[in-house]
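# Observations on the model geometry
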Amino acid sequence: MKIAHFSDLHYAPGNLEEADRCFGFATEHAVLMHADVAVISGDATDHRLDAHAPSLHRLARRINGLSGSMPVLMLQGTFSHEPPGTLRNFELMSATHQIYVAERVQQVSLHEGRFYASSGPVFSEDELREVLSIGADVVFACLPTVNKGQLAAAVGAKEAGTGLEAVLGDYLAAAGRINEQLRAAGIRTVGVSHGTVNGCTTEHGVTMAGFDHEFSLGSLFEAQCDAFMLGHIHKAQRWERAGRVVAYPGSIGRFHYGEEGDKGFLMWNVEVGSAQADLVVTPSRQTICVDFDGPPDMQRLTAIALDATDKFVRIRWQVDDEHKQSVDRDAIAALFGSAAELKVEARILPVVRSRAQGISLETSMDRKLERWCEHTAVDPVPLLDRLQLLETMDAEAIAAGVLARLSDAVAAHPSGTDGMPALSSTSEPAPVTVQEASSDEVGDDALPMPDATVEIVASAPASRLSWLNDDLFAA
Ligand SMILES: [Mn+2]
């Protein structure tokens, strides 16, 4: 059985040309390749669309056209992309074949072109008996985007604190037990979902590894589906285990700069116990992204421009404030005159960064402080300790702590200099002068530092000479 699997169409006014060129190509090819069924695994739209929006109309025409040739199953995607209720309208747009919208957790069988859904998350014993006696071409286990509470209630999770992955894992295992019976009866089983597989790669080449992802590969395979059709991640990728395949087709088109790899849809061939998926590449737009650490290199841009005709080009650079006039934007625009689009993103670095480079790029106060220490050759460890004190304790508590240590020190060294080791045995830092940059050179994001001149007091015990490594007030 051939199943055409499309995902993440993201129809919206801003994406219309890209989405419709690619989805148009994809649906036409699915028909030409004689697909038996179409699956759209979420995010058909990019955001809430007005009823009169041309993008909604174009999508409706494509879905309607598809249903002239094959039954269509549409799955609810991310709520912000596809507000709940959006897809229900598409059920009414069918031509010859049925369009089925899966917006709750359920199993759905397809028999002679008609869909039959379970009343609960999986077929009950009675329902399963009916499916087995009537027969089915394929049974889909549908896991649309759901809110965690609803899902937990739907699948009867006992503990409220159960993680999403565990709840979904329980459901997939339950579906797996039914899928085994279906397979034994010679019925194909297919999972359809919209979510993140732990360990998958995004379209920007980032590996998604963590604890807040919906699926582990193991739990997906535990659903015992011949094929598992996924949406949400915009990069095409697949995993195989003993003939069964889990795969994302990725988004139908290239909706952002920097997205890696081909775009397309998957043409599946699903049989009982095995599946195969081929990516059919859509004519997505070609992008070129060039990033310069400093000012743009015109020679390199000239070479890149030779191959940029009809492509979407983004050029980023950063330049110090006083040199920003040296970049000839008009010359760059002229180089890329034949590109489909030229987007330039210049980052002007305020002068202050040449004195304390990178401080404003740091996002946390302690990283800013560390960066300042790098520039001024100061040991950051004791300063970070004190910063943490300032952030976590109030002034009185800090003062009380200092006083307590001070009295301990007096108790331990009543005469002040008893047991003083030889000076040569300690590393003696030079006095450090810290000066604030004049205010006109300091941006809002630079770290203001107080004036402070610190000198080693001759009477201090040598073991406490290093004010950077020990308590400044204990001497
Ligand atoms: Mn998406």
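Preceding this paragraph is the structure being described.
A short tour of the structure in this document, coming up. Computed from a predicted model, the values in this text were never measured in an experiment.

Thresholds applied
Residues numbered from 1 in each chain as written. Predicted model: local features only at pLDDT ≥ 70, side-chain atom pairs only at ≥ 80, totals over all residues. Helix = DSSP H or I, 4+ residues; strand = E, 2+ residues; numbered from the N terminus. Contact = placed C-beta atoms within 7 Å. Axes fitted to C-alpha atoms, helices over the stretch in contact; angles between N-to-C directions. Parallel < 35°, antiparallel > 145°, perpendicular 65-115°, else oblique. Left-handed = near helix turned anticlockwise from the far one by under 90°. Nonpolar A, V, L, I, M, F, W, Y, C, P; charged D, E, K, R; others polar. Expected span 1.5 Å × (residues − 1). Pairing = 2+ DSSP bridges. Core = buried A, V, L, I, M, F, W, Y, C linked by C-beta atoms within 7 Å. Buried ≥ 20, exposed ≤ 12 C-beta atoms within 10 Å, placed from the backbone. Arc of directions from axis to C-beta.

## So, the overall build of the protein chain
What the protein chain contains, in helices and strands, is 12 helices and 20 strands. In the protein chain, of all internal contacts separated by at least 6 residues, the share reaching a separation of at least 24 is 70%.

## Considering the packing of helix H10 (residues 365-376) against helix H11 (residues 380-392)
Where H10 meets H11, the closest approach of the two axes is 10 Å, and the angle between their N-to-C directions is 155°. As judged from the angle between their axes, H10 and H11 are roughly antiparallel. With respect to the hand of their crossing, H10 and H11 are arranged in right-handed fashion. Counting all contacts with H10, which are made through Met365, Asp366, Leu369, Glu370 and Cys373, the residues of H11 involved are Pro380, Leu383, Leu384 and Leu387. A breakdown of the residues in the contact of H10 with H11 according to their chemical character gives 7 nonpolar, no polar and 2 charged.

## Topic: helix H2 (residues 54-67)
When the terminal C-alpha atoms of H2 are compared, their 20 Å separation across 14 residues agrees well with the 20 Å that a helix rising 1.5 Å per residue should span. Against helix H1 (16-32), strand S2 (37-40), strand S3 (72-75) and strand S4 (99-102) lie the buried residues of H2.

## Overview of the sheet that holds strand S6 (residues 114-117)
The strand order across the open sheet formed by 7 strands is S6-S5-S7-S8-S11-S13-S12, and the pairing between neighbours is mixed. Because the sheet does not close on itself, it has two edges, and the strands there are S6 and strand S12 (237-241). Sheet twist, expressed as the average angle between the axes of neighbouring strands with direction ignored, equals 20°. Relative to strand S7 (residues 138-143), strand S5 (residues 106-111) runs antiparallel, the two being bridged by 5 bridges. Bridged to Gln106 within S7 is Cys142. The strands touched by helix H5 (residues 164-184) are S5, S7 and strand S8 (188-194); relative to S7, the strand with the most contacts, the crossing angle is about 175°.

## Considerations on the sheet that holds S4
In space, the 6 strands of this open sheet follow the order S4-S3-S2-S1-S14-S15, with mixed pairing throughout. Edge positions in the open sheet fall to S4 and strand S15 (274-281), since each of these has one partner strand only. Adjacent strand axes in the sheet meet at a mean angle of 20°, parallel and antiparallel pairs treated alike. Here strand S14 (residues 264-271) runs beside S15; their pairing, made up of 8 bridges, is antiparallel. From the neighbouring strand, Glu271 faces S15, where its bridge partner is Ser274. Sheet strands touched by H1: strand S1 (2-6), S2, S14 and S15. Its angle to S1, the strand with the most contacts, is close to 175°. The strands that H2 touches are S2, S3 and S4; relative to S3, the one it contacts most, it runs at about 140°.

## Remarks on the nonpolar core
By size, the foremost hydrophobic cluster in this structure holds 83 residues, and its most contacted members are Ala38, Leu73 and Met74. It is H5 that contributes the most residues to this core, 7 residues altogether. With residues near it in sequence (within four places) discarded, Met74 still touches Ile40, Ala44, Leu87, Phe90, Ile99 and Val101. One finds Ala308, Val313, Ile315 and Phe336 within the second-largest nonpolar core, a separate group that totals 7 residues.

## Considerations on the packing of H1 against H2
Remark: H1 packs on H2, axes separated minimally by 11 Å, with the N-to-C direction vectors making an angle of 5°. In this view, H1 runs roughly parallel relative to H2, as classed from their interaxial angle. Residues Leu16, Asp20, Phe23, Gly24 and Thr27 of H1 touch H2, and the partners they reach there are Pro54, Ser55, Arg58, Arg62, Gly65 and Leu66. The residue makeup of the contact of H1 with H2, split by class, is 4 nonpolar, 4 polar and 3 charged.

## Some thoughts on the pairing of S14
Across the 8 residues of S14, 6 count as buried, placing the element largely inside the fold. Bridging between S1 and S14 involves 4 bridges; their strand directions are antiparallel. The partner of Lys2 across the bridge, within S14, is Asn269. Hairpin remark: S14 followed by S15, antiparallel, with 2 residues in the connecting loop; positive phi at Gly273, about 90°.

## Digging into unusual backbone geometry
Positive phi, normally seen in glycine, also occurs at Asp310, with a value near 65°. Counting through the fold element by element, Asp310 comes out in the loop between helix H7 (298-305) and strand S17 (312-320). For Asp310, a count of 10 C-beta atoms within 10 Å translates into the label exposed. Phi is positive for Ala377, which is not a glycine, with a value near 55°. Note on placement: Ala377 falls in the loop between H10 and H11.

## Section: H10
Taking 1.5 Å per residue as the helical rise, H10 with its 12 residues ought to reach 16 Å, and the 17 Å between its terminal C-alpha atoms agrees with that figure. Among the residues of H10, those classed as buried are Lys368, Leu369 and Trp372. Down the axis, H10 shows its buried residues gathered within 100° of arc, on one side only. Where H10 is buried, its residues touch H11. Following H10 by one or two positions, Ala377 adopts a phi angle in the positive range, close to 55°.

## Things to note about the pairing of strand S11 (residues 227-231)
Within S11, 5 of the 5 residues are buried, which leaves it mostly tucked inside the rest of the structure. Because side chains alternate across S11, one face comprises the buried residues Ala227, Met229 and Gly231, and the other comprises Phe228 and Leu230, equally buried. As paired elements, S11 and strand S13 (residues 244-248) share 3 bridges and run parallel to each other. What sits directly across from Phe228, in S13, is Val246.

## A look at the environment of Val351
Within the fold, Val351 resides in the loop between strand S18 (341-349) and helix H9 (352-355). Given 14 C-beta atoms within 10 Å, Val351 falls into the partly exposed group. For the pair formed by Val351 and Asp320, sequence separation is 31 residues and the distance between their alpha carbons is 6.5 Å.

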